[in-house]
Amino acid sequence: MTNFQSLNAILPVVIIAITGMIVLLGESCLAFWRRSASASGVVSLLGVIVAGMVVLFRLDEPMLHYKAFNGALAVGPFTQACTLILLLVAGLSVLVALTYLDNRGLNQGEYYALLLFATCGAILMCAANDLIVLFVSVELLSVALYILTGFAKTDKKGQEAALKYFLLGSFAAGFLLYGIALVLGGTSISGLVGTTNLTTMTARIPDTPSFMFMAGLALVLVGIGFKAALAPFHMWAPDVYEGAPTSVTGFMATAVKIGAFAALLRIISHLTGIAHFWLPALEVIAVLTMVLGNLLAVTQVNVKRMLAYSSVAHAGYLLIAVCACSSTVARPEALQAGLFYLLAYGLMTMGAFAVLVYLSSRNHDCETVQDIAGLVKKEPLAAYLMAVFMLSLGGIPPTMGFVGKWLLFSVAMQAHLVVLAVTLAIVSMVAVFYYLRIIWTMCFQDRSAETVGATSVAPTGVQITILISAAMSLVLGVLPAIVYPMLSAAQTLVNHL
Amino acid sequence: MQMQITGILSLLLFTPIVGAIILMGLPKPGQNRENSELDFGAMAVNSVGIGFAALVLVLACLLFAGYHGSVLGNMLGGVGGGIQYAEKYNWIPMGGHHWLHWHLGADGFSVLLVLLTTFVILLSIIYTSRKSENSRDIIALLLLLEAAITGVYLALNLVLFYVFFEATLIPTYLLIGMFGGPRRAYAAIKFFIYTFVGSILMLLAIASVYHYAGSLSIVDLSNPMSTAYHALHAAPASTLMLIAGAFLLAFTIKTAVFPFHAWLPDAYTQAPAVGSAALVLLKMGIFGFVRIAIPIFPQQCITYAPVMIVLAVASILYGSLLAAAQKDARFVIAYSSVAHLGFVVLGIFTFTRVGMMGAMLQNFNHGIFTPMLFLGLGMLAERTGTMELKELGGIKRVLPLFSSMMLLATLASVAAPLFSGFVGEFPILLGSWTSGITHSVGGYWPTALAACGTILSAVYMLWWFQRIMLGPVGSPRFKGLPDLNTREWLVLTPMAVMIFWVGIGSPFWTSRMQSAVSNVLPVSTENVEQSLPVSVMLTDMRERMAGGLLSHPVSGFLVTAPDYHPNSEGNTFIPHAPLHMPVPVMQHRAIPRPVGAPPTNSGPPQARGIDIPPVMNGGTGGAQPRNQQALLHGAPRSLVGRSAKGMSTVSKGGPKTPTSQGVRSTHPNKNFVHSNQGPNRDAVSRNRSIPAPAIPANPNAPINDNKMGGLSR
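Only a predicted model underlies this, so the values are computations on that prediction, with no experimental measurement involved. (Residues numbered from 1 in each chain as written. Chains lettered and ligands numbered in written order. Predicted model: local features only at pLDDT ≥ 70, side-chain atom pairs only at ≥ 80, totals over all residues. Heavy atoms only, no water.)

(A) Geometry of the overall build of chain A. Across its full length, chain A holds 21 helices and two strands. When burial is assessed residue by residue, chain A has 67% of its 497 residues classed as buried. For chain A, long-range pairs separated by at least 24 residues make up 80% of all intrachain contacts whose partners lie at least 6 apart in sequence. Accessible surface, chain A: about 16,300 Å² in total, of which carbon and sulfur atoms supply 71%. (Helix = DSSP H or I, 4+ residues; strand = E, 2+ residues; numbered from the N terminus. Buried < 20%, exposed > 50% of the residue type's maximum accessible area, 1.4 Å probe, protein only. Contact = heavy atoms within 4.5 Å. Areas by Shrake-Rupley, 256 points an atom, 1.4 Å probe, with all protein chains shown as cover.)

Encoded structure:
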């Protein structure tokens, strides 16, 4: 590919990045822009929609089967599918923010710009076929998120969360970079210069890889595991999720996870030859993540914190798909299952946070279970839709979460990962307890004095987000075949390694 | 040219969902109370709810009537065989062009259970239609629940089955939790978690089935000729036991059998009255046994059967005793449900066709009289405001019509003859008596203990009735309470009609289930105790039927036409008699011993508690002594197989003439025997029993068929 073709191939990223810059410049330069409160948001939304259209219209272009920028970026169907999921999440986040920022009186322009840059980073993480590019895109995503976490400048909890996230994130970035360096060293065998390109690396892996290479991979895993909040690298997640503004939490919980798991799936798919080296480690991490996430979520009284632990647990579920990639038989299904679960997870988590945003008022974020007690009396629709998201997160039919969980069960059995399947079954029982407790609080308890009502600002944006998420969770729970073209795209990742 | 309408099952599933969505879009009734005499909101909600539920009931009636390949059935896509109205579409992609199918179909069990569900839900919605405050939400949840329950009965794919199985949890959880009694939240979450624990293990088991068999189709997996079945059963034996155990555990929890019953009393009593009625409709556990567990894992289920029988008997006794000890009227009914469901499980795991038929019929009955009791208690609670048995009393003086209706339901629960409970419980006990598995558990004790359960049911139910309805009026404020109004009559009358219809005309209800029962329990799986004299006579008698010598079974007053469908075992030369067990039994009981018949000499049948009736065959009268001993002690081989006339001539010789004729032809259970034992059975049991019946197996007996594997030894 020439450079122009390469740029053309990553056109969605380019569009998002340019939109972000327009928003940033418009906010600071144009006076009329400031008068209309939601101009930045609308422009961002338009950018996301255009980018999404571009992806949709070019799903079948043969050009996409090549690597862009000399093999640094894979722009194949897998990337396209991840991009679509990420753009959906980004669009929903913008809609949520339209209400939330207005409500809280926060600055507008920077927020959307940062959100769009973070989206760029996440998309590039999905596309990265080179560990260096992966590192750069992780940083692009993370730096934007550090700022977003502390976006409410007067909120002490937000500041603490931002600092914590920044310190731990930088530490993890160090691990990632050091790991990449070790991989570079480990792949320089028989006089060849080392490589960080995944495709080249695959060709060079001997049957028994060197210690340096394996250590490098382990450190890369630590770096990505931190971003994906896998146990034992999950410690930051609850504090940061709780402290960050709710609209940011929703984006952080979904976009980062999608990017991290897409990267993990891509790296692991290149390493099936040495699966026996990394599979036990990943299995242990998966079991640990599932168990810890679910057990810790049980005792939480803060809904955001509970959702943070639940997102840790879901990272464990997703790791099953990653582990199943070790088996060549199950790999196509595993990639599909992983992608489907990412989409499901994105929708239901975004929906749940959107409901919390909907219930937040100017000076009070809706966070604790007292805030939502007896909600069904005052806001029946919000309560019922929250119930849909909780049931979906718990994996109860007929929601999307169930289909995702079923696909995970199925690939786990196909890849002979019985321990993981049994763990998934057991922790699902624990999980359903705390998801049900939310429904129980909302629907069965009497209203407490603190129960919040809907926001005073016209909550159009967040309402649209909730409705889209709920509708998609239910429709795709009944008719998952709608996204079949996207799912089958995952298999072509394997065909075009 | 015939018009074919397909998709009736999907229509049946989605109609209530559409109704629920429309309902949720309507305004909440009773919000503008100023003009309360014309509450258009309530009218709209009620008419939409009742209209959709009635529409679904009509569809269910069509299914029931069309099952059998009648003209109606053909129009609705019904074709012969076990499964009718099948629909199959691609649903969830599994990768590599494999699909999870949206596969629906109905067999004999399904059509009956779907009819039951839609019937009771319609009545529950009629019952709800007055309470204006929450009626919109309750009716919508009931419609959603209806869709989920019927989905379970119609699903032919394991994952689809699981989806509906779980989907029932959500509306029930909300029904209990939002509109229930004081401890509703606790009851709701307990119910949810209990069931979810079982069903998530079932999901794991389903994934393993897919792993081993490569198929999720219930039709394929339960067909012993299919590749999927063979692939599944090629798995290690211990794994298969685990998988089958997971399924059984899930269904046992859902059925609320003894150690896993703890959710049931709380859920039943804390739910609102319609919620209790709807909870009773959760027959998915029972249905899972006969649709999934036994057909897919026959050998594993036989291995587990003794455990299940012990648990079932424990449920019967424990449930009965606890029911007798309760202070709250609803708890009595809840614990009586544990006992009744124990009977159903006992009937299924006897692995006899008569037991299973009785179990499925009792399952149906329980789904009618228990909701009737719960809805009646709901009406009572609305009037008196209490469910404490010691505060109630003398209701019959205040509400005479209401208490008469409740008496019907009580008697059905007690299993009094003519009422529906009897035709369900008697075949279960009979099946338990004849079952080899029950015998392997503890001889006659399980059956004897279970039979004690019927006595106990009389104890607690009649006492319950007495404490509520009879005696002095419990409180002065009960005086002047209004008796049943039109809406309540509309709810209770259809149920009362059903109780009598099933009690008297059971063949109408069982006829649809015959093919299903014989498919679930083929000859190779059936397990009848061989050493029992009753078994000997029954098989012997069947052999005579095989010769065409006794061309008609003893005609009861409600015996239907001979069976229409080909014998599923390829048993073509034996006329396949209908399996409507209960009727001949009742008829037999009703006919007194002919005057002048000599007293029977007490042979083993009497000694073991089986009442051998007087002769009822072909006008030969009751003159011959029905000498069972003679049969047992070596009747000449040549006698067997002679014509009835010839036999009776021989037997006229006197009491000591060896004959088996009277015994054989007059047993009340001939119908059952005819259809539940294969031809090879006859050969074996004849060769085995006549020369030396006490010896369980005769090694020299010529076995000319290889289907002997599943018979008990």
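That covers the picture; the talk isn't over yet.
(B) Focus on the overall build of chain B. Of the regular secondary structure elements, chain B holds 33 helices and two strands. The buried share among the 713 residues of chain B stands at 65%. A separation threshold of at least 6 residues defines the contact pool for chain B, and within that pool the share at least 24 residues apart is 79%. Accessible area for chain B stands at about 23,600 Å²; split by element, carbon and sulfur atoms hold 65% of it.

(C) Quick peek at the interface of chain A and chain B. Taken together, the contact pairs 39 residues of chain A with 39 residues of chain B. Contact between chain A and chain B buries roughly 3,500 Å² in total, counting both sides, with carbon and sulfur atoms accounting for 80%. Contact with chain B buries area across many residues of chain A, yet W406, M429 and F444 of chain A alone supply 21% of it, more than any other trio. Counting across the interface, chain A meets chain B through three residue pairs in polar contact (both at pLDDT 80 or more). Contributing elements (two or more residues each) for the side of chain A that touches chain B: α15 (331–359), α17 (380–394), α18 (400–414), α19 (418–444), α20 (460–478) and α21 (484–495) of chain A. At twelve residues, α19 of chain A tops the list of elements feeding residues into the side of chain A that touches chain B. Of the residues contributing to the side of chain A that touches chain B, the split by class is 29 nonpolar, eight polar and two charged. (Buried area = accessible area lost by both parts, 1.4 Å probe. Polar contact = N/O pair within 3.5 Å; in protein donor to acceptor, adjacent residues only side chain to side chain. Nonpolar A, V, L, I, M, F, W, Y, C, P; charged D, E, K, R; others polar.)

(D) Structural view of helix α12 (residues 246–269) of chain A. The terminal C-alpha atoms of α12 of chain A, which comprises 24 residues, lie 34 Å apart, in line with the 34 Å expected from a rise of 1.5 Å per residue. The buried fraction of α12 of chain A amounts to 24 of the 24 residues, a majority that puts the element mostly inside the structure. (Expected span 1.5 Å × (residues − 1).)

(E) Quick peek at the packing of helix α7 (residues 131–149) of chain A against α12 of chain A. Residues and elements named next belong to chain A. The contact between α7 and α12 brings their axes to 11 Å, and the two run at 170 degrees. Between α7 and α12, the interaxial angle falls into the category roughly antiparallel. Here L131, L134, L141, L145, L148 and T149 of α7 lie close against α12, whose contacting residues are V248, F251, M252, V256, A263 and I267. (Axes fitted to C-alpha atoms, helices over the stretch in contact; angles between N-to-C directions. Parallel < 35°, antiparallel > 145°, perpendicular 65-115°, else oblique.)

(F) Spotlight on the packing of aromatic side chains. Within the structure shown, the criterion is met by 38 aromatic pairs over all chains. An angle of 35 degrees between the planes, with centres 5.4 Å apart, marks the rings of F226 of chain A and W236 of chain A as tilted. Of the two residues, F226 of chain A is situated in helix α10 (residues 211–228) and W236 of chain A in helix α11 (residues 236–243); the sequence distance between them amounts to ten residues. Residue classification places F226 of chain A among the buried positions, given a relative accessible area of 7%. Above the face of the Y127 of chain B ring, R487 of chain B is positioned so that its terminal group lies 5.7 Å from the ring centre. (Phe/Tyr/Trp six-rings, centres within 6.5 Å; stacked < 30°, edge-to-face > 60°. Lys NZ or Arg CZ within 6 Å of the ring centre and 35° of its normal.)

(G) Summary view of the nonpolar core. Core analysis: the largest hydrophobic core is formed by 407 residues, its most contacted members being W406 of chain A together with F247, I348, F349 and W464 of chain B. Broken down by element, the residue count for this core peaks at 21 residues, all from α15 of chain A. Looking at which domains feed residues into this core, each of domain 1 (1–29 + 39–156) and domain 2 (305–517) of chain B gives three or more. Discounting residues that sit within four places of it in the chain, W464 of chain B has contacts with A329, V332, I333, L373, L377, L389 and T410 of chain B. (Core = buried A, V, L, I, M, F, W, Y, C linked by side-chain atoms within 4.5 Å. Domains from an automatic or database assignment.)

(H) Broad picture of the packing of helix α13 (residues 275–298) of chain A against α19 of chain A. All names here are of chain A. Two elements in contact, α13 and α19, have axes separated by 9 Å at closest approach and are oriented at 15 degrees. In terms of orientation, α13 and α19 fall into the roughly parallel class. You can see that α13 and α19 cross each other, and the crossing is left-handed. Facing α13, whose interface residues are E283, A286, V287, M290, V291, N294, L295, A297 and V298, α19 presents V419, L420, T423, L424, V427, V430, A431, F433, Y434 and R437. Its residues assigned to classes, the contact of α13 with α19 shows 15 nonpolar, two polar and two charged. (Left-handed = near helix turned anticlockwise from the far one by under 90°.)

(I) Layout of a nonpolar patch on the surface. Residues and elements named next belong to chain A. Side chains of I49, M53, L56, F57 and L59 sit close together on the surface and give an oily, nonpolar patch of about 500 Å² of accessible area. With respect to the helices and strands, I49 occurs in helix α4 (residues 39–57). I49 gets classed as partly exposed once you look at its relative accessible area, which sits at 43%. (Patch = residues over 30% accessible without salt bridge, like charges linked within 9 Å, V, L, I, M, F, W, Y side chains within 5 Å. Salt bridge = Lys/Arg side-chain N within 4 Å of Asp/Glu carboxyl O.)

(J) α18 of chain A, seen in detail. Along its 15 residues, α18 of chain A runs 21 Å from first to last C-alpha, staying within 8% of the 21 Å computed at 1.5 Å per residue. Once α18 of chain A finishes, H416 of chain A follows within two positions and takes phi at roughly 60 degrees, a positive value.

(K) Looking closely at the environment of H230 of chain B. Inspection of the secondary structure assignment puts H230 of chain B in helix α10 (residues 227–233). Among residues more than four places away in sequence, those in contact with H230 of chain B are P224 and M225 of chain B.

(L) Inspection of the pattern of salt bridges at higher detail. Summed over the entire model, instances satisfying the criterion amount to 13 salt bridges over all chains. For D107 of chain B, the salt bridge identified is with R291 of chain B, shortest N-O distance 3.0 Å. Of the two residues, D107 of chain B sits in the loop between β2 (98–106) and α4 (108–128) while R291 of chain B sits in helix α14 (residues 284–296), which places them 184 residues apart along the sequence. In this structure D107 of chain B comes out as buried when scored by relative accessible area, which is 9%. Overall, the relative accessible area of 6% leaves R291 of chain B in the buried class. We note a salt bridge from E488 of chain B to R487 of chain B, for which the minimum N-O separation is 3.8 Å. What makes R487 of chain B buried here is its relative accessible area of 13%. Ionic contacts of the salt-bridge type, sharing partners, join the residues K157, K164, D239, E242, K304, R305 and E367 of chain A into one network.

(M) Structural context of unusual backbone geometry. Residues and elements named next belong to chain A. Look at the link from A231 to P232: it is a cis peptide, with omega at 5 degrees. Considering the arrangement of structural elements, one finds P232 in the loop between α10 and α11. Of note, the amide linkage connecting P397 to P398 takes the cis form, showing an omega dihedral of 0 degrees. Relative to the assigned elements, P398 resides in the loop between α17 and α18.

(N) Geometry of the layout of surface pockets. In this structure, the largest pocket encloses a volume near 1,300 Å³. Lining the largest pocket are 41 residues, with V388 and L474 of chain A together with I17, I21 and L144 of chain B sitting closest to its centre. Looking at the lining of the largest pocket, the elements that each hand over two or more residues are α17 and α20 of chain A together with α1 (8–25), α5 (135–154), α6 (158–167) and α7 (169–179) of chain B. For the lining of the largest pocket, the residue count by class is 37 nonpolar, two polar and two charged. (1 Å grid on protein atoms, 1.4 Å probe; cavity = no way out; pocket = protein on both sides within 12 Å on 5 of 7 lines; lining within 4 Å. Points joined across faces, edges and corners; volume = space filled by probe spheres on them.)

(O) Focus on the side chain of S276 of chain B. All names here are of chain B. Here S276 shows up in helix α13 (residues 273–280). Assessed through its relative accessible area of 1%, S276 is described here as buried. Residues in contact with S276, not counting those within four places in the same chain, are Y268, A271 and F374.

(P) Focus on the side chain of R383 of chain B. All names here are of chain B. Mapped onto the fold, R383 is located in helix α17 (residues 353–384). Owing to a relative accessible area of 16%, R383 belongs among the buried residues under this scheme. Looking at R383, its side chain comes within polar contact range of the main-chain oxygen of P482, at 2.6 Å. Once residues lying within four places of it in the same chain are set aside, the contact partners of R383 are L399, L481, P482, D483, L484, N485 and E488.

(Q) Looking closely at the confidence of the model for chain B. The share of residues in chain B with pLDDT of 70 or more is 70%, and the mean pLDDT across the chain is 74. Contacts of residues 547–713 of chain B to residues separated by more than four positions or lying in other chains number 287 contacts, the stretch itself having pLDDT below 50. (pLDDT = per-residue confidence, 0-100.)

(R) Region of the structure containing the environment of A20 of chain B. All names here are of chain B. In this fold, A20 is placed in helix α1. Taking the relative accessible area as the measure of exposure, A20 reaches 3% and is therefore buried. If sequence neighbours within four positions are ignored, A20 has contacts with A140, L143 and L144.

(S) Seen up close, the environment of L474 of chain A. Residues and elements named next belong to chain A. Mapping L474 onto the fold places it in helix α20. Separated by 77 residues in the primary sequence, L474 and P397 have C-alpha atoms spaced 9.1 Å apart. Contact partners of L474, with chain neighbours within four places excluded, come to V388, P398 and T399.

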